[in-house]
Amino acid sequence: MKTTNIVASHLPLDNVWSQILDWENLLLAYRKARRGKRQQAEIQDFGFNLEYELAAIRQNLLNHNYQPGNFRQFTVCDRKLRLISAAPFRDRVVQHALMNIVEPEVDKIFIGESFASRKYKGVHAAVRVYRHWSNRYAYALKVDIRRYFDSIDHLLLKQKLAKLITDPDVCWLFNTIIDSSPPPLNPWCIMAAGDDLVDFAERIVGLPLGNLTSQFFGNVYLNDLDHFIKQDLKIPAYLRYVDDMVLLADSKQRLWDWCEQIEQFLAIERIGLHPHKKMLVPVTTGIDVLGYRVFPNSTRLSRNSGYKFRRKLHRLANAYSEERMTLNAIKPHVAGWLGHAQQADTRGLCKAILSEVYFIKGGTAQRSPGGAGRFMEQQSTESALSKP
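Since this is a predicted model, take the numbers as computed values, not measurements.

Undergrad: So what's going on with the nonpolar core? Residues and values would help.
TA: Within the largest apolar cluster, 74 residues are counted, with the highest numbers of intra-cluster contacts made by Val102, Phe174 and Phe216. It is helix 5 (residues 89-106) that provides the largest number of residues to this core, a total of nine residues. With residues near it in sequence (within four places) discarded, Val102 still touches Leu13, Ile20, Ile165, Val170, Phe174 and Phe216. Judged by nonpolar contacts, the second largest core, of 36 residues, contains Val246, Leu248, Ile287 and Ala344.

Structure representation (structure tokens):
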């Protein structure tokens, strides 16, 4: 099978270690890492001794003495059980310092249809692109990679990074971060051609969900696939968001043929498509794309999103009534969901959900008696949340 060679005039990246260790870059990394979390004790302690902490990080990196700390791990259940690994704040500062310099350059080799964790991309841009294509093509094929982050092979990832970055100090830091990855919740490794049982057993796989670098690594790992799809298979209508991929065409058979070629390519990368999550449908029936149900002429919010936010809203109301949260703390949760929901045709849904709950301090959260289309807040001098 032919593979795509990536050639970019600005890569491989070299002689950037001094930029990573620059004091202004470390200070910027600290500010990014603390964003939205200033009240955490760990971050306040770091900020109290800021110059000392940053100087210690710089010296450890300079001497190659840096070692990531232990992750704080917890599980969340969002349709499926996920293990989240939160790095210590010091390590998050290091990752931001590294990404500040490396990511903007490496990002230039990614295809335009890769939408995850990239500037000017994201979920809403991906949905808009899919909807545009759904007006041009008859069928859509949606696939995803089975246990993607649990499957990423460390050795292959390091080899891919080494092709893009030749600065030895930067490669050392990337390898140190990769080697610090905790064991995945559900490791998944595919035996490649030529593997014997010993080689296969010694493969190390899995990246932590929650690390800043993991999303970047995820894009690097699938970059060869993206270029294979665009340059070798010449698929015009293709988009990827992390491990979710959508292809469109006017021929069902062509889509299945492309799917088979993609699976063959992924086997070389020691990952594979989920066998039960391949869906080929006419675009007119609608398809779930990153939390939305998208049709050629309309975009709806996925059913689960409305149900989940309704339950969350009641939990927030109860927390407010028990004086565990203020309205100012609640507003970002609501604004975030509204920003997501209002990208679809959801004005009626937003009004219905937001009018269900009173926010009453010192009492019990109750349903609103009418469709006011806003939060109801009583027995408090705090202002109510505004209309959507």
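Here the narrative resumes.
Undergrad: Tell me what's going on with helix 8 (residues 154-164), and back it up with residues and numbers.
TA: Every buried residue of helix 8 is accounted for by His154, Leu156, Leu157, Lys160, Leu161 and Leu164. Buried residues of helix 8, viewed axially, fall in a sector of 165 degrees; they line one side. Turning to helix 8, the residues buried within the fold contact helix 5, helix 9 (168-179), helix 11 (212-221), helix 12 (223-232) and helix 13 (252-268). The N-cap of helix 8, judged by a side-chain oxygen 3.1 Å from the amide nitrogen of Leu155 a few residues on, is Asp153.

Undergrad: Tell me what's going on with the pattern of salt bridges, and back it up with residues and numbers.
TA: Tallying each qualifying case throughout the model produces twelve salt bridges. In this structure, Asp179 engages Lys158 in a salt bridge whose closest nitrogen and oxygen atoms are separated by 2.6 Å. Linking Asp179 in helix 9 with Lys158 in helix 8, this pair joins segments that are 21 residues apart in sequence. Notably, a salt bridge pairs Lys160 with Asp224, separated by 2.9 Å at the nearest N-O pair. Within this pair, whereas Lys160 is found in helix 8, its partner Asp224 is found in helix 12, the two being separated by 64 residues in sequence. Residues Lys160 and Asp224 agree in their burial class; the two are buried.

The rules behind each value
- Residues numbered from 1 in each chain as written.
- Predicted model: local features only at pLDDT ≥ 70, side-chain atom pairs only at ≥ 80, totals over all residues.
- Heavy atoms only, no water.
- Core = buried A, V, L, I, M, F, W, Y, C linked by side-chain atoms within 4.5 Å.
- Buried < 20%, exposed > 50% of the residue type's maximum accessible area, 1.4 Å probe, protein only.
- Helix = DSSP H or I, 4+ residues; strand = E, 2+ residues; numbered from the N terminus.
- Contact = heavy atoms within 4.5 Å.
- Arc of directions from axis to C-beta.
- Polar contact = N/O pair within 3.5 Å; in protein donor to acceptor, adjacent residues only side chain to side chain.
- Salt bridge = Lys/Arg side-chain N within 4 Å of Asp/Glu carboxyl O.

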